[in-house]
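Fold and geometry: a report
For reference, the chains in residue letters:
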Amino acid sequence: MAQAQKITPRAKDFSEWYGDVIAQAQLADYSPVRGCMVIRPHGYRIWELMQRALDDMFRASGHRNAYFPLFIPMSFLAREAEHVEGFAKEVALVTHTRLRATGKEGKDAIEVDPSSALEEPLVVRPTSETIIYAMFAKWIQSYRDLPLKLNQWANVVRWELRTRLFLRTTEFLWQEGHTAHTDEADAESEARLILEIYRDFAETWMAMPVITGVKTESEKFAGALRTYAIEALMQDNKALQAGTSHNLGQNFAKAFTVQYQTAAGGLEYVWNTSWGVSTRLVGGLIMTHSDDNGLVAPPKLAPVQVAIVPIWKTDQEKQQVSSVGSQVQADLEKAGLRVEHDLRDTMKPGAKYFEWEALGVPVRLEIGPRDVASGQAVLARRGGGKGPVSLHGVAASVTKALDEIQAALFAAARERREQNSIRGVTKAQFIEFIKRPGGFAYGGFCGSPSCEAEIKQQTNATIRVLPDPEFRSKEAPRNCMWCGAPSVAEAVWALAY
RNA sequence: CGGGGUGUGGCGCAGUCCGGUAGCGCGCCUGGUUUGGGACCAGGAGGUCGCGGGUUCGAAUCCCGCCGCCCCGACCA
């Protein structure tokens, strides 16, 4: 499918640029239902690659997959007070189970059958804590049943007013892990372990640097004791919460009576954790690396890692270069790479280059008659740079190039984040910084929710996390950057998605 | 919910003020010539002009009502 539609430059309108990249890279499209999106094959492939990597990590750390139902009794949601308050305003409900024919024409041909009303409406899961812990209550009897560490890949629905492709849609795909433990320390180390897995995934696979830390009371998950998060900085200097891990304490255990008998014969409530990442990660990937030519995908998650573009004039040349191209493709695939050999003859090579670039392919191999004659191909990198490579050992050189690209993307993203971070901010600096370049602002925080709220109200900035030691400034801030009271923790503020 | 805008082939738009039965670019299809950074020529396909009603010999165009979508605010995270 050839196309020459232009991408709005990032610098001109970031939001339009984002949408254009998604359209040009054929990642997703709008659905007829407001706020919902269709994930197209190229976009879904990225998600599948993410899923595979994460799933392997979960499995390696002792988690097993299961599947819990889409529908949850409405009363379940109400059992945990904070939880219900957090989701009440955005749940979709099933209230009826039948339609009936009216005998009329067109849109009026069917209507809801009033006699099919459910006694208790069903909630379409916005998250599954309630249904899962109701089941845990049945399965957990003894300390010998613990820890119980499950994960599920599922879709969830949150009725959002403002939606954006991948970042916030009415329905989205995610994984949600749910675990039960004998004590707080075990639950805590689980929540931290998962946070570390998320961080590793973001950095190693997505080439997206993140800072880790804990959320403040006002930003934590409804119903959790503590929420940990990884936060990334997008190219427009807005923060993206890319993954969360919650220590749920015993809140849900008490609400759903999830108890176990101790070795000593006592009866205790379990300690739970829950954690998730979603298709929002795809949005994060796009906004971290892509440019005005389209998607830039890190090699490890690129649906197509290598595009081979043959160049020919005569039929004889075509036969020659495509035969060499096929051999190269076989070599690369044997090395485990994802390769497309672009033999379309309706398009000139240049048009193919632009198309593969928009799709985010990290490496392109151009093979023309002159290359065949000299036993080489031209290797072009998505980020720029072109040069000949020998066809002998081409798989090794391509693999090396992909590794270099993966590393370079991460280094560049981390460099950009540091360039757009300010430490030890004063109130005056903060107000200017958030307004103009934007980015991560590190400063002292007094811990007062009212101070936090005032900052948000006046600047729109929120505390993304109270960073973990590794990310804290060398010198701990003494005073709250806003009110001047003694600081209880360093905080990172930013405008956020 | 309040304010503003907009709805015309797949996409982007013109035509609306001054009613006469729909046009342009891109894309798509066919054939030919092309092919080392977005090819060219020729010939085609494709539209109940958001929906309903009204005025008129005649409505994309004028009038009334409704609906969708977008932006800002509110709300939310």
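Residues numbered from 1 in each chain as written. Chains lettered and ligands numbered in written order. Predicted model: local features only at pLDDT ≥ 70, side-chain atom pairs only at ≥ 80, totals over all residues. Heavy atoms only, no water.

What follows is about the domain arrangement of chain A. Assigned domains of chain A: these are domain 1 (14-91 + 126-289), domain 2 (302-404) and domain 3 (421-494). Its C-alpha centre places domain 2 at a distance of 49 Å from the equivalent point of domain 3. (Domains from an automatic or database assignment.)

As a further point, take the nonpolar core. Residues Met-50, Phe-166, Phe-201, Ile-286, Leu-295, Phe-430 and Trp-493 are the most contacted members of the largest nonpolar core, which totals 68 residues. Considering each element in turn, this core owes the most residues, eight residues, to helix H2 (residues 41-60). Each of domain 1 (14-91 + 126-289) and domain 3 (421-494) contributes no fewer than three residues to this core. Ignoring any residue separated from it by four or fewer positions in sequence, one finds Phe-201 in contact with Met-50, Ala-53, Leu-54, Met-57, Met-206, Leu-281 and Leu-301. (Core = buried A, V, L, I, M, F, W, Y, C linked by side-chain atoms within 4.5 Å. Buried < 20%, exposed > 50% of the residue type's maximum accessible area, 1.4 Å probe, protein only. Helix = DSSP H or I, 4+ residues; strand = E, 2+ residues; numbered from the N terminus. Contact = heavy atoms within 4.5 Å.)

Pairing between side chains of opposite charge can happen when their charged atoms approach one another. Applying the stated criterion to the full structure yields 29 salt bridges. Lys-386 is the partner of Glu-366 in a salt bridge, and the nearest nitrogen-oxygen pair spans 3.1 Å. With Glu-366 in strand S19 (residues 363-367) and Lys-386 in strand S21 (residues 386-390), this residue pair connects regions lying 20 residues apart in the sequence. For Glu-366, a relative accessible area of 6% corresponds to the buried category. Assessed through its relative accessible area of 53%, Lys-386 is described here as exposed. (Salt bridge = Lys/Arg side-chain N within 4 Å of Asp/Glu carboxyl O.)

Scanning the entire structure with this criterion turns up one cavity of 30 Å³ or more. If you trace the largest cavity, you find it lined by Trp-356, Glu-357, Val-361, Pro-362, Val-363, Arg-364, Ala-380, Arg-381 and Arg-382. Sorting the residues of the lining of the largest cavity by element identifies helix H10 (349-358), S19 and strand S20 (376-381) as the ones contributing at least two each. Looking at side-chain class alone, the lining of the largest cavity contains five nonpolar, no polar and four charged residues. (1 Å grid on protein atoms, 1.4 Å probe; cavity = no way out; pocket = protein on both sides within 12 Å on 5 of 7 lines; lining within 4 Å. Points joined across faces, edges and corners; volume = space filled by probe spheres on them. Nonpolar A, V, L, I, M, F, W, Y, C, P; charged D, E, K, R; others polar.)

Taken in spatial order, the three strands of this open sheet run S4-S8-S5, and their pairing is antiparallel. At either end of the open sheet lies a strand with only one pairing partner, and these are strand S4 (71-73) and strand S5 (92-96). Neighbour-to-neighbour, the strand axes of this sheet turn through a mean angle of 40 degrees, independent of strand direction. With four bridges connecting them, S5 and strand S8 (residues 117-124) associate as antiparallel partners. (Pairing = 2+ DSSP bridges. Axes fitted to C-alpha atoms, helices over the stretch in contact; angles between N-to-C directions.)

Okay, the sheet that holds strand S17 (residues 306-310) next. Spatially, the five strands line up as an open sheet ordered S18-S17-S19-S20-S21, and their pairing is mixed. At either end of the open sheet lies a strand with only one pairing partner, and these are strand S18 (339-341) and S21. On average, each strand axis in the sheet is inclined to that of its neighbour by 25 degrees, with strand direction left out of account. Where helix H9 (residues 315-334) meets the sheet, its contacts fall on S17, S18 and S19, and the angle it forms with S18 comes to roughly 170 degrees.

Within this model, the largest pocket holds a volume of roughly 1700 Å³. Forming the walls of the largest pocket are 50 residues, and the residues nearest its centre are Arg-158, Glu-160, Arg-168, Gln-241 and Arg-280. Listed by contribution, the elements that provide at least two residues to the lining of the largest pocket are helix H4 (81-87), strand S10 (171-181), strand S13 (239-249), strand S16 (271-278), helix H14 (449-459) and strand S24 (462-467). By residue class, the composition of the lining of the largest pocket is 16 nonpolar, 15 polar and 19 charged. Residue assignment places the lining of the largest pocket across two domains, with domain 1 (14-91 + 126-289) and domain 3 (421-494) each supplying three or more.

To continue, consider H14. Owing to its 3.6 residues per turn, the α-helix brings residues three or four apart onto one side. Three or more residues of H14 are buried, namely Cys-451, Glu-452, Ile-455 and Thr-459. One side of H14 holds all its buried residues, which, seen down the axis, span an arc of 100 degrees. Summarising the geometry of H14, the exposed residues directed more than 90 degrees from the buried face are Pro-449, Ser-450 and Gln-457. Contact partners of the buried residues in H14: helix H13 (427-435), strand S23 (440-445), S24 and strand S25 (489-494). With its phi angle positive at about 70 degrees, Asn-460 sits one or two positions after the end of H14. (Arc of directions from axis to C-beta.)

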